[in-house]
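Examining the three-dimensional arrangement
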Amino acid sequence: MSRFRLVPDSIDGVAEKRRLEAAGAGACVIFEGWVRNHNQGRAVQRLDYQAYAPLASSEGEAILDAAVDRFKLRAAAAVHRSGSLVVGDMAVWVGVSADHRDAAFAACRWIIDEIKLRVPIWKNEHYIDGESGWLHPDNTPADGGR
Amino acid sequence: MKFRLLYFASLADCAGCAAESVDARASDLASLYDEVRQRHDFNLDRERLRVAVNGHIVAWDHPLNEDDEIVFLPPVSGG
């Protein structure tokens, strides 16, 4: 099974966590990214994720493979949503297991940062006032929006 | 040369479509972007984009072949 998956439906964090089980692991760190109701001072109602799926999958897989190698992980997995999400939904789930906590914390942080930097997924925020806009990695509005 | 172009996020909004087939004068990626940018009035500078050919991220001097699938990638915002 792929370490990275792009899914159109809600993420089951409990089921995903089972993918990390390993007898040699003494630490498990999980990051969940949720849709919040505000960004840059504006009230957010919902958001849409658009992805270039084949490349998102291969880039995500490459990040997780590199993390396993770099941080000597027992297991690593990540799931990212596509489609339409509302406030409170889980947008991304990242989990790792390792022999010790230092590697697990560092790897989990590194993976989510790399996903946000490299994986071709774009967020379109819809605001309470009816406007919407594509965002850049630092969560500021894209000037390409119309 | 004929290419298949896919558009995402703000570029798709500007182009008014998610994909198009083009018969371009350009034979390299940089001039191809300039060509479609002019036609669709894209306002993202090329320096801000990455580019993928046939599902792989490539450098801007990557050689092009007939029927390549090309995606100009705006700055991403997943997570």
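Relevant structure appears above.
The rules behind these values
Numbers given to residues run from 1 along each chain, matching the order in which its sequence is written. Whichever chain is written first becomes A and whichever ligand is written first becomes 1, with later ones labelled in order. Per-residue local features are limited, in this predicted model, to residues with pLDDT of at least 70; the limit for side-chain atom pairs, both in listing and counting, is 80 or more; totals at the level of whole chains, interfaces and linings are taken over all residues. Water and hydrogen atoms were dropped before computing side-chain values, which therefore reflect all heavy atoms in the structure. Strands qualify as paired when DSSP identifies two bridges or more between them. What counts as a helix is a DSSP run of H or I of at least four residues, what counts as a strand is a run of E of at least two, and both are numbered from the N terminus. To get an axis, a line is fitted to the C-alpha atoms, and for a helix only the part in contact is used. The angle between two axes follows their N-to-C directions and goes from 0 to 180 degrees. Any two residues whose heavy atoms approach within 4.5 Å are treated as being in contact. Accessibility here uses a 1.4 Å probe with only protein chains present; expressed as a share of the type maximum, an area under 20% marks a residue as buried, one over 50% as exposed, and anything in between as partly exposed. Summed over both partners, the accessible surface that disappears when two parts come together, traced with a 1.4 Å probe, is what is meant by buried area. Classification convention: Asp, Glu, Lys, Arg as charged; Ala, Val, Leu, Ile, Met, Phe, Trp, Tyr, Cys, Pro as nonpolar; all other residues, Gly among them, as polar.

For the rest of this paragraph, the subject is the sheet that holds strand S1 (residues 4-7) of chain A. Residues and elements named next belong to chain A. Spatially, S1-S5-S7-S2 is the arrangement adopted by the four strands of the open sheet, whose pairing is mixed. Looking at which strands have only one partner, the edges of the open sheet turn out to be S1 and strand S2 (27-34). With strand direction ignored, the average angle separating the axes of adjacent strands in the sheet is 10°. Across the sheet, helix H3 (residues 101-118) touches S1, S2, strand S5 (75-81) and strand S7 (90-98), and the angle it forms with S7 is around 145°.

By secondary structure assignment, the location of Leu135 of chain A is in the segment after strand S9 (132-134). Relative accessible area serves as the criterion here: at 3%, Leu135 of chain A is assigned to the buried category. Note: C-alpha distance between Leu135 of chain A and Glu125 of chain A (10 residues apart in sequence) is 7.4 Å. For Leu135 of chain A, the residues in contact, after removing those within four places along its chain, are Asn39, Lys123, Glu125, Tyr127, Thr140, Pro141 and Ala142 of chain A together with Pro75 and Ser77 of chain B.

So, on to the interface of chain A and chain B. In this assembly, 26 residues from chain A lie in contact with 24 residues from chain B. Of the roughly 2,200 Å² buried between chain A and chain B, counting both surfaces, carbon and sulfur atoms make up 54%. Top element by residues in the side of chain A that touches chain B is H3 of chain A. It accounts for four residues. For the side of chain A that touches chain B, the per-class residue count stands at 14 nonpolar, six polar and six charged.

All names here are of chain B. As for its placement among the helices and strands, Arg37 is situated in helix H2 (residues 29-40). The class for Arg37 is partly exposed, based on a relative accessible area of 24%. Measuring from C-alpha to C-alpha, the distance between Arg37 and Cys14 comes to 9.4 Å, with 23 residues separating the pair along the chain. Not counting residues up to four positions away in its chain, the partners in contact with Arg37 are Phe42, Asn43, Leu44, Asp45 and Arg46.

Below, the discussion takes up the pairing of strand S4 (residues 42-51) of chain A. Residue and element names in this part refer to chain A. Pairing geometry for strand S3 (residues 38-39) and S4, over two bridges, is antiparallel. Bridge pairing in S4 places Asn39 opposite Arg42. Connecting the antiparallel pair S3 and S4 is a turn made up of two residues, with Gln40 showing a positive phi of about 50°. Note that S4 and strand S8 (residues 121-127) share seven bridges and pair antiparallel. Paired with Gln50 across the two strands is Trp122, which belongs to S8. The sheet contact formed by S4 and strand S6 (residues 83-86) spans four bridges and is antiparallel. Within the sheet, the bridge partner assigned to Asp48 lies in S6 and is Ser84.

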